[in-house]
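If you want the building blocks of each chain, they are given just below.
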Amino acid sequence: MKAGVLALQGDFEAHAKRLRGLGAAVIYVKKLSELSAVDGLALPGGESTAMLKLLEPNFIEALIERGRAGMPILATCAGVILLARKVTNPAQRSLDLLDIDVERNAYGRQVDSFVDGTIKFTMAGKSALDSLGQGAVPSRDSIEGVFIRAPRIIRTGPEVEVLAEHAGAPVLVRSKNILAATFHPELSFGAESVHQLFINSL
Amino acid sequence: MTNNEIRLKTGLAEMLKGGVIMDVVNPEQARIAEDAGAVAVMALERVPADIRRDGGVARMASVEIIEGIMKVVSIPVMAKCRIGHFVEAQILESLGVDFIDESEVLTPADERYHVNKFDFKVPFVCGARDLGEALRRISEGAAMMRTKGEAGTGNIVEAVRHMRAMTSEIKRLSALGEEELVNAAKELGASLELVRLVAKDGRLPVPNFAAGGVATPADAALMMQLGAESVFVGSGIFKSEDPASRAKAVVKAVTHYNDPEILREVSRGLLNAMPGIEMQTIPAEQRLAQRGW
């Protein structure tokens, strides 16, 4: 099984490092031919506007098709913005692979970026963690989340499960094959469980 | 400063990797940069080529220019303060800029000390010509390094020199024994702790970007192939004949820096780049890279 990491721009190296640390074979994906070679794709943090410019139309088409066909996707921060149904602050186009609405830079500018040491898992989150086995998860109650100019999920569709929350808002959600975090599990200590959930779905 | 604050600062630098940061002097240029796919813009009063031409004291951009640019783009906005001018930095932080460049492009305010960057919540980027200089800036709290290059020249030779110097010094450290590292720290003028870390990891502890003299997509890709993790483009975009298409081309060149076919295609059909300046024609006292230590 090969885990792809979209490497157009952003913290793709941090994702690759985390995935490799958990034993996954990682391929960087920039072009259509590379997308066809992977069994799942991580969309890293970065600038969603820049990534949108760098995504070729045929790549977007193929990604939407594979995402709808069930390819596992892990999206963090900017990646979540790319996958959303609707994006605000300001409005921009998105792939509509995940039935959520997202507000960009919802917590403010860089000086408002923060670390929440205890993002709370919901019941659905705890049961998702149960599938990982005992050793893989340091805590079943909470994980650390690094939020950098983070977006906020302002609506979740009926098929979207909320796995974890910060200040009452969903920050880790799942819908079938798609797992999405508005924070950066790839930069958070002890948050391996998020990438492990993705690896297990490959 | 807490460990979390350092992680948030270098974390934003991580998000900018593989991207292009463009100098802009007004909201219109900022929009063009964002539309082209820039990951951030640097708000300035004058681009380095104009600072070089006009002479005089170059300072932090006006509050109005920075606010005007922050208003129109959703990507991070950076701004420059003079070396050692911690009050300009305080003003920039209170404006809410996302990154401060303590920059040799502006006229230094302090010939002895740089800003203590640990005093700030906003992350800083600083320029360096070699590893020792980079580690001294990191000791002061810089969350990102960049080559100094020679800004405003459209000549990549100095940025290449600085990147190569950094890379070869890092390689050299990796081969040294513990007792040799103590001596290397002394020679580099850097803390032993940081020197040990670089020797162990084979890289700087913060992201390392390129800046100074980038004028073409090929220049940008060259810096990436030499080990830069992102590229700053100063005068190169808006002093060229075709800012919008050149900006797009440079963005694509940085993402696909290892793919000659894509680099060939993005280089096709561009109008003239900014005029360049031969290094020999710049007197030593006018070289911006000499500022700072």
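Residues numbered from 1 in each chain as written. Chains lettered and ligands numbered in written order. Predicted model: local features only at pLDDT ≥ 70, side-chain atom pairs only at ≥ 80, totals over all residues. Heavy atoms only, no water.

K.L.:
Hey, could you run me through helix 6 (residues 123-130) of chain A in this one?
P.N.:
Each α-helix winds once per 3.6 residues, and so residues spaced three or four apart point in a common direction. All names here are of chain A. Residues G125, A128 and L129 constitute the buried set of helix 6. Relative to the axis of helix 6, the buried residues are bounded by an arc of 100° and lie together on one face. Turning to helix 6, the residues buried within the fold contact strand 7 (114-121), strand 10 (161-166), strand 11 (169-175) and helix 7 (192-200). (Buried < 20%, exposed > 50% of the residue type's maximum accessible area, 1.4 Å probe, protein only. Helix = DSSP H or I, 4+ residues; strand = E, 2+ residues; numbered from the N terminus. Arc of directions from axis to C-beta. Contact = heavy atoms within 4.5 Å.)

K.L.:
Looking at this structure, how should I read the side chain of S142 of chain A?
P.N.:
Residues and elements named next belong to chain A. For S142, the location among the structural elements is in strand 8 (residues 142-147). Overall, S142 belongs to the buried group, its relative accessible area being 16%. With sequence-adjacent residues up to four places away left out, S142 is seen in contact with T118, I119, K120 and F121.

K.L.:
What should I look at first to understand helix 7 of chain A in this one?
P.N.:
Of all 9 residues making up helix 7 of chain A, 7 are buried, and the element is well covered by its neighbours. Among the residues of helix 7 of chain A, those classed as buried are S193, V194, H195, Q196, L197, F198 and I199 of chain A.

K.L.:
What am I meant to see in the pairing of strand 2 (residues 25-29) of chain A here?
P.N.:
Residues in a regular strand project their side chains so that they alternate between the two faces of the sheet. Of the pairings in the sheet, the one linking strand 1 (residues 2-6) of chain A to strand 2 of chain A comprises 5 bridges and is parallel in character. Its bridge partner lying in strand 2 of chain A, L6 of chain A is registered against V29 of chain A. (Pairing = 2+ DSSP bridges.)

K.L.:
Where do I start with the packing of helix 4 (residues 63-72) of chain B against helix 5 (residues 86-95) of chain B in this structure?
P.N.:
Angle between the axes and distance between the axes: these two values describe a pair of packed helices. All names here are of chain B. Where helix 4 contacts helix 5, the axes come no closer than 11 Å and their chain directions differ by 30°. With respect to helix 5, the element helix 4 is oriented roughly parallel. Seen from above, helix 4 lies across helix 5 with right-handed handedness. Of the residues in helix 5, those touching helix 4 at V63, I66, E67 and M70 are I91, L92 and L95. When grouped by side-chain class, the residues that make up the contact of helix 4 with helix 5 number 6 nonpolar, no polar and 1 charged. (Axes fitted to C-alpha atoms, helices over the stretch in contact; angles between N-to-C directions. Parallel < 35°, antiparallel > 145°, perpendicular 65-115°, else oblique. Left-handed = near helix turned anticlockwise from the far one by under 90°. Nonpolar A, V, L, I, M, F, W, Y, C, P; charged D, E, K, R; others polar.)

Spatial relationships are all this shows, so hold off on functional conclusions.
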